[in-house]
Amino acid sequence: QLSGTFYSSSCPSALSTIKSAVSSAVSSEARMGASLLRLHFHDCFVNGCDGSILLDDTANFTGEKNAAPNANSVRGFDVIDTIKSQLESKCPGVVSCADIVAVAARDSVVALGGSSWTVLLGRRDSTTASQSAANANIPAPTLSLSGLISAFSNKGFTAKEMVALSGSHTIGQARCTVFRARLYNENNINATFATSLKASCPSSGGDNNLSPLDTTSPTSFDNAYFKNLQIQKGLLHSDQQLFSGGSTDAQVNAYSGNAATFKTDFANAMVKMGNLSPLTGSNGQIRKNCRRVN
Ligand code: HEM
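Predicted model, so just to flag it, every value in this text is computed and none were measured.

Calculation notes
Residues numbered from 1 in each chain as written. Predicted model: local features only at pLDDT ≥ 70, side-chain atom pairs only at ≥ 80, totals over all residues. Helix = DSSP H or I, 4+ residues; strand = E, 2+ residues; numbered from the N terminus. Rg over C-alpha atoms; globule rule 2.2 N^0.38 Å. Buried ≥ 20, exposed ≤ 12 C-beta atoms within 10 Å, placed from the backbone. Contact = placed C-beta atoms within 7 Å. Axes fitted to C-alpha atoms, helices over the stretch in contact; angles between N-to-C directions. Parallel < 35°, antiparallel > 145°, perpendicular 65-115°, else oblique. Left-handed = near helix turned anticlockwise from the far one by under 90°. Nonpolar A, V, L, I, M, F, W, Y, C, P; charged D, E, K, R; others polar. Expected span 1.5 Å × (residues − 1). Near = placed C-beta within 6 Å. Domains from an automatic or database assignment.

1. Overview of the overall build of the chain
Next, step 1: Each helix and strand counted, the chain has 13 helices and 2 strands in total.
Next, step 2: Rg of the C-alpha trace for the chain: 19 Å, near the compact-globule value of 19 Å for 294 residues, within the 12% margin.
Next, step 3: Dimensions of the chain along its principal axes, counting C-alpha atoms only, are 55 × 45 × 35 Å.
Next, step 4: When burial is assessed residue by residue, the chain has 45% of its 294 residues classed as buried.
Next, step 5: Intrachain contacts of the chain at a sequence separation of at least 6 include 77% that bridge at least 24 residues.

Here's what the structure looks like:
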């Protein structure tokens, strides 16, 4: 139901407007590309790609921003607001917040060196959000391999697609609080890597100190993430689970040996993620402000 040409007559400059705003945000701060990619994932895994993650909490509305996986963690809202206000002046009431997030994720990956994909368009914005669904559906970094496989299988993804999508951790940063236990309690971690991380992630305190998910090239969308896993330099417990003697080791080896295959599989899996339960037709609305319902 979504279409690659959805805005060609109603807002012909929509895609170029998003692309230039993303490229300027990523050139001021490369990490923003990672943050915008993650925003799309956390939107889509919670009742579909419907912009629900963008809704602010109010006195009588609890949204997804303060769900455990998002609070003090998900970012990029200001970039989405900037794009939305540019599009509202060019084509008022036409381009959904959910589509802006989907295109911004693609443009972010491309800006950092990944392969492009065609973003199908025409998603509409939700009038609701669900903090409990965010807590239940966004995978936690404490999951085991089988937990990761089932979290993605619940959304229709194969284990191979889960591994490809996890390759998004080739960019961006994580807080000490989400990987501390791995540094201090796990054995399948490179000792030198663990020692150097402990300097900024002590056994107590420093919860918000950041480290790159890909220690080698944190602002390049390449296959270094998979090479790191082979030498036990995965940052999150969940990252290293993909290469821990289980069923996904072979896929990690394949992506480690072939960046082009990884980028193509990633792009195809992102198209599939972007198609998760969109609101179309007369469902939902086109928000004027991504932070609140009309
Ligand atoms: C496989 C299951 C996954 C788990 C358990 C997971 C977990 C996490 C955690 C804990 C962080 C750090 C958050 C923080 O410290 O504030 C993170 C960051 C990130 N995740 Fe994932 N994630 C997963 C899959 C994905 C997928 C599928 C994508 C995108 C398609 C993605 C994109 C990112 C990006 C780009 C960052 C860095 C964000 C930034 O620097 O702002 N992750 N993830």
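2. A look at the packing of helix α1 (residues 14–28) against helix α4 (residues 97–111)
Next, step 1: The interhelical angle for the contact between α1 and α4, taken along N-to-C directions, is 50°, at an axis separation of 9 Å. When the axes of α1 and α4 are compared, the pair comes out oblique. For the pair α1 and α4, the sense of crossing is right-handed. On α4, the residues touching Leu15, Ile18, Lys19, Val22, Ser23 and Val26 of α1 are Ile100, Val103, Ala104, Asp107, Ser108 and Ala111.
Next, step 2: Residues of the contact of α1 with α4, tallied by class, amount to 8 nonpolar, 2 polar and 2 charged.

3. Some points on helix α3 (residues 77–90)
Next, step 1: When the terminal C-alpha atoms of α3 are compared, their 20 Å separation across 14 residues agrees well with the 20 Å that a helix rising 1.5 Å per residue should span.
Next, step 2: At its buried positions, α3 is contacted by α1, α2 (31–44) and α4.

4. Overview of the site of the ligand
Next, step 1: Surrounding the ligand, one finds 26 residues, the nearest of these being Ser35, Ser73, Gly172, Ala174 and Arg175.
Next, step 2: With 6 residues, α2 is the single largest residue contributor to the shell around the ligand.
Next, step 3: Considered class by class, the residues forming the shell around the ligand number 14 nonpolar, 8 polar and 4 charged.
Next, step 4: Shared between two domains, the shell around the ligand takes at least three residues from each, and those domains are domain 1 (14–138) and domain 2 (145–269).

5. Observations regarding the domain arrangement of the chain
Next, step 1: Segmenting the chain into domains produces domain 1 (14–138) and domain 2 (145–269).
Next, step 2: Placing the centre of domain 1 and that of domain 2 at their C-alpha centroids yields a distance of 23 Å.
Next, step 3: Taken together, the contact between domain 1 and domain 2 spans 16 residues of the former and 14 residues of the latter.
Next, step 4: Considering each element in turn, the side of domain 1 that touches domain 2 owes the most residues, 6 residues, to α2.

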